[in-house]
Structure formats: structure tokens, C-alpha cells
Amino acid sequence: MDANEPREQGWTQFGAKPPAAGGFPQQDTAILPPPPPPPAEGKKTGFTGGQKAIAGLALAAMALGGGVAGAAIANAFQAPQIVQSAPSPSFKPAANAMTIADVATKVQPSVVMIQGRQAGGSGVVLSKDGLVLTNNHVVAANGQGGDLSVKFSDGKTAKATVVGTDPTTDLAMIRAEGVSGLVPAELGDSDQLKVGDAVLAIGSPLGLDGTVTSGIISALDRTLNVGGEQQQMPPGWAQGQDSAPPATIGGAIQTDASINSGNSGGALVNAAGQLVGINTAIATNGSNGSIGLGFAIPVNTAKQVADQLSTDGKVRHAFLGVSVTDATGDVPGALVRQVTADSPAAKAGLKEGDLITRIGDKTVDGGDTVVGQVRGFKPGQQVKITYMRGGTQSEVTVTLEEKK
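Since the structure is predicted, the reported quantities are computational estimates derived from the model, not experimental observations.

## Comments concerning the environment of threonine 311
For threonine 311, the position within the fold is in helix α5 (residues 299-312). Taking C-alpha positions, threonine 311 is 9.5 Å from glycine 164, a pair spaced 147 residues apart along the chain.

Structure (C-alpha cells):
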């Protein structure tokens, strides 16, 4: 496996098909019985501890069962006092903290729904005159020259054309035509993220535009192999629905914010309403729905790609020149199977059989780590590589070149 050719595994990307005509089926509804009369004056209101527990079970039954039975159970207890609803919870305890509602209100105008003949997804506005960043697999699912349109948060729509695509990082840029005065997303710094930070995912899952879900950063620096129509999935993992070529994404952000088909290309934002990632993939257990394992491309990677796409319509990628696989011994790392002649790796002295244990500032735990890290560097960049050879650890500095 070449360091610039990803291995395939079970990540699912999204290009959601439009909902069928008629939308979702209507659910049964029931008329609730009238509430009981107010308590007599002087009688203490509210629930006892036991009543609270029973009422909690009743409300759960109503949520699960629905219909008249659930409503009847819920109304069989004394009505609680009506109080003013609690404010939207804050992301952080500060005097100027933004609530979840505040963040959603700020970001929604910068997120669009992308519609095509074959599939759709989401996108993030980067310029006032219509540049929108999304996933390559959202664009690729509609074929070359496929008709695209975007729908904005105010309900307006516009045709869109493809500015450029980068299958390697699964990113693409499109332009909404004939628009002005859009609200670009405020870009954050994904290098500053910490596990546990609160985030929102905003996009159009299942064609439901403007959907907001909340969660936290569950993990950082994941390496993902996503895409590819002919992926071989491990048992219990869902087949991807797109026709994009495989992509290896290094430094991916993991979140438990609910992400589903159609969220691809949408925004992952922090507590300040700043874009920190582009939602891209989920892991599944055999279904197509969210199980709380979603992944996003870091905004720092996305910005680097977007700058090149908007300028040249293409992206230059770094090249190391080794084929690697996972180590099988006691020491974790990436085993070098082959070194391309006259490549940066060969010029730096790397050889077949070397065990790469660190690249840049990242510990290597397998071949995918090397691939993902190289994808995040630029041509011409110097990178330190630590490796084992014959039981001896060595370090070498490699000057990466542009992948041809």
C-alpha cells in the first residue's frame, strides 16, 4: 500500500437522496382529556418523591407509546405548577456565554442544503458572493457536470456550479450563482480543540434543512479511510452510498453530535459559533443511522484545501514515496514494504523493512497514520521521521515533494 493510497475500511459517507413524495407518514394523534381542577386553596402543590418517580415513568411511556394511552397516564396525576420555561443551556459558565440557541442562530445562515438529481448534502458558505465548501462525495454522487442547486436558510435557492474538487481529502467547492450578501462562516482553529469541548452539527440530514444537533468532541486525531464504491467492509459495517474514490483523512475530529445521511459537507461549530470541522462520515453497526460516532475534517485542513480550490481549482498534495502496512510485532508503527526510487523517502535514506514510529509530532500506530499525516503536509515541507532499523532507533528529516 502506498503512503498516498488509502486502505479501505468501514466508514460511511453521505449523499442523501431527496425524501420520497409526500414526506414522512403522518402519525396518529389523540385529543387529550381536560386537565383536573386546580387544588384547593392552601393545599400544597407539586409531586411527592414517589409521584415524581411514577410521573417520570408515565412520561417515558407517553414518549415511547404515544397515543391516547400514554396521554391518559400522564394526566392521571396532579398537574404540576406552570412555571416559566428554562433558558437554552449555555455552552460554558461565563457572563457572556452563548446559549446553544444563540450559536444555532448565528451559524444557520452560513449553512446551505445542496440538492442534485442523484443525491444531496450540505455545505458551508465561505464568501459573500457564493463560494460554498462541501464534501467531494456530495458532488461526485451527481456525476460530472451534474445539476446542482443550493437552498439557503431563508428559503431562497440558486443554481450552483463546481469550482473544484479534491477526492484525496474528500472536499469540494461550488459556487452559488447570482447571489450576494451571503453570511460567510466564521472560521475557528481546529488545533485548539480539546476532547470534551461542546459542538453543534448543522446541516440537512435526510433532506431536513437547517437541522441542529449538539454533542461534544469525543476524540481527536482519528485517521479515516472513507469512500470508494467497491469498499470491502468489516462485518457489521454499512456500505457507502457514494461513488467517490477512497480518501484517507488524517487528524479527523470525532463527535457524538448526531450526524446522518445528508449531513455531509455541513458545519461542525464550537461554542463561539466558529467553524471547526466539515462533517463527513459516521461509523455504523449495520444500519444507516447515527450511533454517536461521527467524524469531521478539521477546519485547518479544509481551509488549506479551500484556498487552493478557489485559486486554482485543484490541490497540490505532498508525496513521501513509501508503501507501508501495520506492524505486527511488539512495537507499534508502520512497516515499510517498499520505497519508490528517487522519492523523498529514498533520498532521506529510508529502506524496506524500516519501522516508522513517529512522523512529525504524531506517534504512528499503523500504516493509516503515515498516510493521513502525509496528506496533511504541503509539498516542500520538511518533516522529521523516527524509525527503527535492526533494533536501533534513528531520526531523519524528509523534504516532501508534490505528488504527480
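On we go.
## A word on the pairing of strand β10 (residues 247-255)
Within β10, 9 of the 9 residues are buried, leaving the element largely enclosed by the surrounding structure. Two elements, strand β9 (residues 211-226) and β10, share 6 bridges in a ladder whose sense is antiparallel. Directly across from asparagine 225, in β10, lies its bridge partner threonine 248. The pairing of β10 with strand β13 (residues 294-298) spans 3 bridges and is antiparallel. Bridging from a neighbouring strand, isoleucine 253 pairs with alanine 296 of β13.

## Focus: the nonpolar core
Counting 31 residues, the largest nonpolar core has Leu275 and Ile278 as its most contacted members. The dominant element in this core, judged by the number of residues it contributes, is α5, at 5 residues. Setting aside residues up to four positions removed in sequence, isoleucine 278 forms contacts with Val124, Leu133, Asn135, Leu171, Gly265, Gly266, Phe295, Ala296, Ile297 and Ala302. Grouped together as the second largest cluster of nonpolar side chains are 20 residues, Ala318, Val336, Ala345 and Phe377 included.

## Topic: the pairing of strand β5 (residues 148-151)
Two elements, strand β2 (residues 111-116) and β5, share 4 bridges in a ladder whose sense is antiparallel. Paired with glycine 116 across the bridge in β5 is leucine 148. Pairing of β5 with strand β6 (residues 157-166), which is carried by 4 bridges, proceeds in the antiparallel orientation. In the sheet register, lysine 151 faces β6, and the bridge partner there is threonine 157. Between the antiparallel neighbours β5 and β6 lie 5 residues, among them glycine 155 with a positive phi of about 95 degrees.

## A few points about the sheet that holds strand β7 (residues 171-176)
Strand order in this closed barrel of 6 strands is β2-β3-β4-β7-β6-β5, and the pairing throughout is antiparallel. Averaged over neighbouring strand pairs, the angle between their axes works out to 40 degrees when direction is ignored. α5 contacts β4 (131-134), β6 and β7 of the sheet and is inclined by roughly 50 degrees relative to β7.

## A few points about unusual backbone geometry
Located in the positive-phi region is aspartate 170, a residue other than glycine, with phi close to 55 degrees. For aspartate 170, the position within the fold is in the loop between β6 and β7.

## Section: the confidence of the model for the chain
One rule of thumb: low pLDDT means the predicted coordinates there are not for detailed reading. Mean pLDDT over the chain stands at 76; residues scoring 70 or higher make up 70%. Considering only residues more than four positions removed or in separate chains, one finds that residues 228-245, a stretch of pLDDT under 50, has 53 contacts.

## Overview of the side chain of serine 110
Here serine 110 is to be found in the loop between α3 (100-107) and β2. When its relative accessible area of 3% is taken as the criterion, serine 110 is described as buried. Ignoring anything within four residues of it in the chain, the contact list for serine 110 reads Gly123, Val124, Val125, Val183, Pro184 and Ala185.

## What about the pattern of salt bridges?
Counting across every chain of the model gives 9 salt bridges. Residues lysine 106 and glutamate 186 are paired through a salt bridge, measuring 2.7 Å at the closest nitrogen-oxygen approach. Of this pair, lysine 106 sits in helix α3 while glutamate 186 sits in the loop between β7 and β8 (198-203), and the two are 80 residues apart along the sequence. Residue classification places lysine 106 among the partly exposed positions, given a relative accessible area of 32%. Accessibility expressed as a relative area gives 36% for glutamate 186, which makes it partly exposed. Residue lysine 347 pairs with glutamate 401 through a salt bridge whose shortest N-O separation is 2.8 Å. Of this pair, lysine 347 sits in helix α6 (residues 344-348) while glutamate 401 is found in strand β21 (residues 401-402), placing the two residues 54 residues apart along the sequence.

What counts and what doesn't
Residues numbered from 1 in each chain as written. Predicted model: local features only at pLDDT ≥ 70, side-chain atom pairs only at ≥ 80, totals over all residues. Heavy atoms only, no water. Helix = DSSP H or I, 4+ residues; strand = E, 2+ residues; numbered from the N terminus. Buried < 20%, exposed > 50% of the residue type's maximum accessible area, 1.4 Å probe, protein only. Pairing = 2+ DSSP bridges. Core = buried A, V, L, I, M, F, W, Y, C linked by side-chain atoms within 4.5 Å. Contact = heavy atoms within 4.5 Å. Axes fitted to C-alpha atoms, helices over the stretch in contact; angles between N-to-C directions. pLDDT = per-residue confidence, 0-100. Salt bridge = Lys/Arg side-chain N within 4 Å of Asp/Glu carboxyl O.

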